[in-house]
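# Structure at a glance
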Amino acid sequence: TFFRSLHKNYFCFRRKIASKTVAAKIQLSAKKEAKDERKSFSTLQEERREQAERSVLISCPPNISETKFLKHMSRHGNINNCFFYESFGIYAVVEFSEKESIASLREATSIPSIQHETAVPFKTRLLSVKANNFSLPSSQPSVQCLKQTPIGIKELILKLSREDSIDQQLYSLMEEYQLTEENICLRFLVCSLLKDIAAAYFPECIIRPFGSSVNGFGKLGCDLDMFLDLDAISGRNIKQAGGGLSLEYQLKKTASERAATQSILSVIGECVDQFGPGCVGVQKILNARCPLVRFAHQPSGFQCDLTANNRVAMKSSELLYLYGGLDKRVRAMVLSLRCWARTHGLTSTIPGAWLTNFSLTAMVIFFLQRRSPAVLPTLDQLRDLAGPGDKCTIEGNDCTFVSDFSWMQDQKNTETLEHLLQEFFVFYGNFAFSRMSVNIRKGKEQNKPDTFPLHIQNPFEPSLNVSKNVNATQLERLVTLCQESAWLLQEGGASGRGPARDSPWGMAALLLPSLSQSVRTKGRKRKAREPASERIKSLLDSLKSGKNGSSAKPH
Ligand code: CTP
Ligand code: MG
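What counts, and where the lines are drawn
- Residues numbered from 1 in each chain as written.
- Chains lettered and ligands numbered in written order.
- Predicted model: local features only at pLDDT ≥ 70, side-chain atom pairs only at ≥ 80, totals over all residues.
- Heavy atoms only, no water.
- Helix = DSSP H or I, 4+ residues; strand = E, 2+ residues; numbered from the N terminus.
- Buried < 20%, exposed > 50% of the residue type's maximum accessible area, 1.4 Å probe, protein only.
- Contact = heavy atoms within 4.5 Å.
- Areas by Shrake-Rupley, 256 points an atom, 1.4 Å probe, with all protein chains shown as cover.
- Axes fitted to C-alpha atoms, helices over the stretch in contact; angles between N-to-C directions.
- Left-handed = near helix turned anticlockwise from the far one by under 90°.
- Nonpolar A, V, L, I, M, F, W, Y, C, P; charged D, E, K, R; others polar.
- Donors = N, O, S within 2.8 Å, 3.2 Å for Na, K, Ca; no water.
- Pairing = 2+ DSSP bridges.
- Patch = residues over 30% accessible without salt bridge, like charges linked within 9 Å, V, L, I, M, F, W, Y side chains within 5 Å.
- Salt bridge = Lys/Arg side-chain N within 4 Å of Asp/Glu carboxyl O.
- Phe/Tyr/Trp six-rings, centres within 6.5 Å; stacked < 30°, edge-to-face > 60°.
- Core = buried A, V, L, I, M, F, W, Y, C linked by side-chain atoms within 4.5 Å.
- Polar contact = N/O pair within 3.5 Å; in protein donor to acceptor, adjacent residues only side chain to side chain.

With that settled, consider the overall build of the chain. Of regular secondary structure, the chain possesses 19 helices and 13 strands. Burial statistics for the chain: of 555 residues in total, 50% are counted as buried. Contacts in the chain between residues at least 24 apart in sequence constitute 69% of all its contacts with a sequence separation of at least 6. Entry remark: accessible area of the chain is about 27200 Å², with carbon and sulfur atoms responsible for 54%.

Turning our attention to the packing of helix H15 (residues 417–429) against helix H16 (residues 472–492). Two elements in contact, H15 and H16, have axes whose closest approach is 8 Å; the angle formed by their N-to-C orientations is 145°. Note that H15 runs across H16; the crossing there is left-handed. On H16, the residues touching Leu 421, Gln 422, Phe 425, Val 426, Tyr 428 and Gly 429 of H15 are Val 479, Cys 482, Gln 483, Ser 485, Ala 486, Leu 489 and Gln 490. Each residue belonging to the contact of H15 with H16 can be placed in one class, and the counts come to eight nonpolar, five polar and no charged.

Ideal donor angles around a metal are set by the shape: a four-donor tetrahedron calls for 109.5 degrees, a six-donor octahedron for 90 or 180 degrees. For the magnesium ion (ligand 2), the protein coordination sphere consists of Asp 223 (OD) and Asp 225 (OD), at 2.1 to 2.2 Å. What makes Asp 225 buried here is its relative accessible area of 14%.

This next bit is on the sheet that holds strand E2 (residues 79–86). Pairing is mixed in the open sheet, where four strands are placed in the order E2-E3-E1-E4. Each end of this open sheet is capped by a strand with a single partner; those strands are E2 and strand E4 (126–128). When strand polarity is set aside, the average angle formed by the axes of neighbouring strands in this sheet is 25°. With seven bridges connecting them, E2 and strand E3 (residues 90–96) associate as antiparallel partners. When the bridges of E3 are listed, Phe 84 appears paired with Ala 92.

What follows deals with a nonpolar patch on the surface. The grouping of Val 120, Phe 122 and Phe 275 at the surface amounts to a nonpolar patch, some 260 Å² of accessible area in total. Mapping Val 120 onto the fold places it in the loop between helix H5 (100–107) and E4. On the basis of relative accessibility, which here comes to 43%, the residue Val 120 falls in the partly exposed class.

This part is about the packing of aromatic side chains. With the rule as written, the count across this model stands at 19 aromatic pairs. Each ring, one from Tyr 85 and one from Tyr 91, has its centre 5.8 Å from the other, and the planes form 20°; the classification is stacked. Plain terms: the ring middles of Trp 340 and Phe 425 are 5.0 Å apart, the flat faces sit at 50° to each other, and that makes the pair tilted. One end of the pair, Trp 340, is in helix H12 (residues 328–343); the other, Phe 425, is in helix H15, with 85 residues separating them in the sequence.

Right, let's get into the pattern of salt bridges. A complete count under the given rule lists 26 salt bridges for this structure. The salt bridge partner of Glu 95 is Arg 54, with a shortest N-O separation of 2.9 Å. Placement of the pair is Glu 95 in strand E3 and Arg 54 in the loop between helix H3 (41–53) and strand E1 (55–60), with a sequence separation of 41 residues. Under the relative-accessibility criterion, Glu 95 is labelled buried at 9%. With its nearest N and O atoms 3.2 Å apart, the salt bridge here joins Arg 370 to Glu 445. Residue Arg 370 is located in the loop between helix H13 (357–369) and helix H14 (379–384), and its partner Glu 445 is located in the loop between strand E12 (436–437) and strand E13 (446–447); the two are separated by 75 residues in the primary sequence. Across this residue pair, the class does not change: Arg 370 and Glu 445 are buried.

Trp 340, Phe 425 and Tyr 428 are the most contacted members of the largest nonpolar core, which has 92 residues in total. With residues up to four places along the chain from it excluded, the contact list for Trp 340 reads Leu 346, Phe 425, Leu 478, Leu 481, Cys 482, Ser 485, Met 507, Leu 510, Leu 511 and Leu 515. Among the nonpolar cores identified, the runner-up in size contains 36 residues, and Val 93, Leu 126, Leu 228 and Val 272 belong to it.

Attention now goes to the side chain of Gln 457. Turning to its location among the elements, Gln 457 is positioned in the loop between E13 and H16. When its relative accessible area of 16% is taken as the criterion, Gln 457 is described as buried. Within polar-contact distance, the side chain of Gln 457 engages the side chain of Asn 439 at 3.1 Å. In contact with Gln 457, not counting residues within four places along its chain, are Ser 437, Val 438, Asn 439, Arg 441, Pro 462 and Leu 464.

Okay, here's the thing in structure tokens:
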């Protein structure tokens, strides 16, 4: 029986995966992705979470034989998928079709005795295989590793320069930068591995990824934002039971919800620091507005931020996911502008007075709501489309909006990406930031309620400004870069392909460092001589007066 089951499992797997060419595999995942785009956020999240629970992460020796390795792994059950990648060594992600296979695999593993070190006897799903068990002779090529980081900016500029239109450039940038199916699986797996650790304290907890890992706008290599969800045990979702018992033993009472979040994150942070395999540089940042534990997860290479009690952020990730799925131009435009902003130092990985990717994304959505006809609906319109199951209130704030895509109709706006990009720069190169606030709920500029240089209303917490951190200098840089980019695109346009095949044009030209350098020089000169560049101003006026009548409305 053992032999038969091994035989069956192994060959079942070979049929499914190993016999397929890499190209076929990629096609498969592309098809899956296209289908996934239309799945509701919670359905997709749940599927991926469940898939991660059936997966393991395995550190492999450099000369591992894929065939021997998979043959061995399939002794524990059918394998749905497996891929290899590199991060301080080679790793494999193995997804079994049944969760029971993990138990079987765990049974067969031993905790190594290492000289001068003592292992904590906790069997995680991060395993390692011994070098000599599945090795290949050194002359044979090793496994194919899937890349988990994007191409460099120079390579990207070269690639874009070879495209035939600006629209193609934006789609090509998206293809290069967006998270791959495998990278998303790895993100869910890391959450699942951390959940095993947090479960020591909270057995029914769930760790969910949010932010750019799941909102459709993530770039390969972006951080992994996670949220410790205790709702299943907190009683928040439990209807009033008849027994009259309240669960006093669950938590010691604390002064506030914030204090409870801080103490939960403090113990989980300690646990991750002491016992989390591969978790290094653990920092507890508990006094932030949103308390968090930050660390690097070495086996995946992800920079992780773990928060708790952060349901609003989860909702805003869902909203962005919905917006990204409504029209294929949205993700291409946001990813391209995220890349443009990062290249010119408008955004940064270091927190500070810079624009954040979240704020920038809200600005793109707002701009697309302001087109005529609109590319994207307002948040109020999405709320009106919501069904009874979509109703959601968090801390007194209405977070209701439609969750599925079934109501979608044919898109009325047919502008090209090239035109939208150009108009985006004109729109924000000319926006009345000093008086007006960006508001995606209403899809209309509102009077600014405060004096911060940039005001973008938090869609679910209307009293908050998501760009409160942005100072006047950074806003000024954003405006000037928009003006310069509008000018550059207008000058070059679709026909702007350089004489040499590889010379940067269109979107590629917008990513050249010379753009921000020229902005810096102009900024200095301008301070000395004139208040604003007349050339850009007149260009903006000419663009605004509308070559084709579809430009943004004046404010
Ligand atoms: N968030 C928020 N208000 C802010 C900043 C962030 O509600 N002022 C929420 C958003 O849901 C955002 C998530 O927290 O998506 C994660 O924030 P962050 O990591 O800064 O942004 P990402 O969208 O994940 O983008 P990045 O790729 O830069 O990490
Ligand atoms: Mg993030």
